[in-house]
Amino acid sequence: MKVQTIPVRIARNPHFTTNCYVLSGVAETDELVDVRVPEAQRTAERDIAKECAGGAGEANPVKESSPGTTEIAVVIDPGDQPERILAALGSAKLVAILLTHGHYDHIGGVASLAHSSGAKVYAHELDAEAIATNYQQIRNGYAAFSKKLYGRFKDFHNPLLSNIAPRVDVLLRDGEHITFGDINLEIIHTPGHTRGSICLYDQAGAQLFSGDTLFKGTCGRTDFVGGSPASMHTSLQRLKELPPETLVLPGHDEPTSIGAELELGLSEY
Ligand SMILES: [Zn+2]
Ligand SMILES: [Zn+2]
């Protein structure tokens, strides 16, 4: 079975959406032991899980697709609405939650999904620190941002989820490859939007999950805490080296490709 990518558009309000991506594949059932957090580690957090599941419910049942193998899934940037993401998983077992960076609009559903599935949470070491120490600041910053833009933040987030900081289990670094069954992703550290922003490159599938680093026709903002125009410029130079046919799946708005962005002047972003 080919690795599939299912986009889930997370809508916080009619004007602001974040793209979550669900990758589904197949793993040897034996492999799954290593990629999940031991149950004992989760025990102390079970009450929180109940509280924050918010309709997400218990982990979906594992389905063996053929003897010795299991349908698995990886989620990238679950910004909110975990119940919709779980629905997109179908019968696949969620084994990992990958974060392109630590901004609130990309991590609002992490705690619920992690606690209900046991999946490990992966992020770059620089943004993992920010998630751990500045979570309330991130949350309040986005609430204020939303209020400024739209004059309200009543519907901007799920208040139950927003008070629980996600826990990062695995720290990522540039150049690493992470493998879950037949899903293989290379970590490209692309600071600029945040210090610990990463892109996730699926070479076999010719697709790049670009977070808030590269969008259709532009790049991510560099004026938030930890942002740097100079770092963004350097990061975009690296992305230019990818094959032009590479599909770019960003954290917001529509997909694009490296080739299309080169034509639009990727160097000048
Ligand atoms: Zn962001
Ligand atoms: Zn974003």
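Scroll up for the structure.
What counts as what
- Residue numbers restart at each chain and count upward from 1, following the sequence in its written direction.
- In the order they appear in the text, chains get letters beginning with A and ligands get numbers beginning with 1.
- Only residues with pLDDT of 70 or above have their local features reported here, since the model is predicted, and side-chain atom pairs are shown and tallied only from 80 upward, although totals for entire chains, interfaces and linings are computed over all residues.
- The helix count covers DSSP runs of H or I at least four residues long, the strand count covers runs of E at least two residues long, and both are numbered beginning at the N terminus.
- Burial in this document is a count-based property: other C-beta atoms within 10 Å of a residue's C-beta are tallied, and the residue is buried at 20 or more, exposed at 12 or fewer, or partly exposed in between, with C-beta positions derived from the backbone.
- Residue pairs are scored as contacts if the distance between their C-beta atoms, which are placed from the backbone, is within 7 Å.
- Pairing between strands is defined by DSSP: at least two bridges between them are needed.

Visitor: Talk me through the overall build of the protein chain; I want residue IDs and the actual numbers.
Guide: The helix and strand tally for the protein chain stands at 11 helices and 15 strands. When each of the 269 residues of the protein chain is scored for burial, the buried share is 45%. Taking all contacts inside the protein chain whose residues are at least 6 apart in sequence as the whole, residues at least 24 apart take part in 69%.

Visitor: Now, about the sheet that holds strand β11 (residues 207-211): what can you tell me, with residues and values included?
Guide: Where strands meet in a sheet, backbone hydrogen bonds hold them as pairs that are either parallel or antiparallel. The sheet built from 6 strands is open, its strands ordered β8-β9-β10-β11-β14-β15 with mixed pairing. The open sheet has two edge strands, β8 (177-180) and β15 (256-257), and neither has a second partner. Bridge count for strand β10 (residues 198-202) against β11 is 3 bridges, and the pairing is antiparallel. Following the sheet pairing, Asp 202 is matched in β11 by Gln 207.

Visitor: An account of helix α6 (residues 110-117) is requested, with residue identities and associated values reported.
Guide: Residues lying three or four places apart along an α-helix face the same way, a consequence of the helix completing one turn every 3.6 residues. Most of α6 is tucked away, with 8 of its 8 residues classed as buried. Taken residue by residue, α6 has Val 110, Ala 111, Ser 112, Leu 113, Ala 114, His 115, Ser 116 and Ser 117 as its buried positions. Two residues or fewer past α6, Gly 118 is found with a positive phi of approximately 80 degrees.

Visitor: For unusual backbone geometry, give the residues involved together with the corresponding values.
Guide: Despite not being glycine, Gln 81 has its phi angle at roughly 50 degrees, a positive value. Position of Gln 81 relative to the elements: it lies in the loop between β4 (69-76) and α4 (82-89). Given 24 C-beta atoms within 10 Å, Gln 81 falls into the buried group. A positive phi angle, near 50 degrees, is found at Ala 206, a position not held by glycine. Take Ala 206: it is sitting in the loop between β10 and β11. With 14 C-beta atoms counted inside 10 Å, the residue Ala 206 sits in the partly exposed group.

Visitor: Help me get a handle on the pairing of β10, residues and values and all.
Guide: With 4 of 5 residues buried, β10 is to be regarded as a mostly interior element. Judged from the 4 bridges that link them, strand β9 (residues 183-189) and β10 form a sheet pairing that is antiparallel. Note that in β10 the partner of Ile 188 across the bridge is Cys 199. Here β10 folds back onto β11 in antiparallel fashion, the turn holding 4 residues, of which Ala 206 has a positive phi close to 50 degrees.

Visitor: How would you sum up the pairing of β4? Please name residues and give values.
Guide: By the criterion of burial, β4 is predominantly enclosed, with 7 of the 8 residues buried. Note that strand β2 (residues 16-28) and β4 share 8 bridges and pair antiparallel. By the bridge assignment, Tyr 21 is partnered in β4 with Ile 76. Pairing of β4 with strand β5 (residues 93-98), which is carried by 5 bridges, proceeds in the parallel orientation. Directly across from Ile 76, in β5, lies its bridge partner Leu 98.

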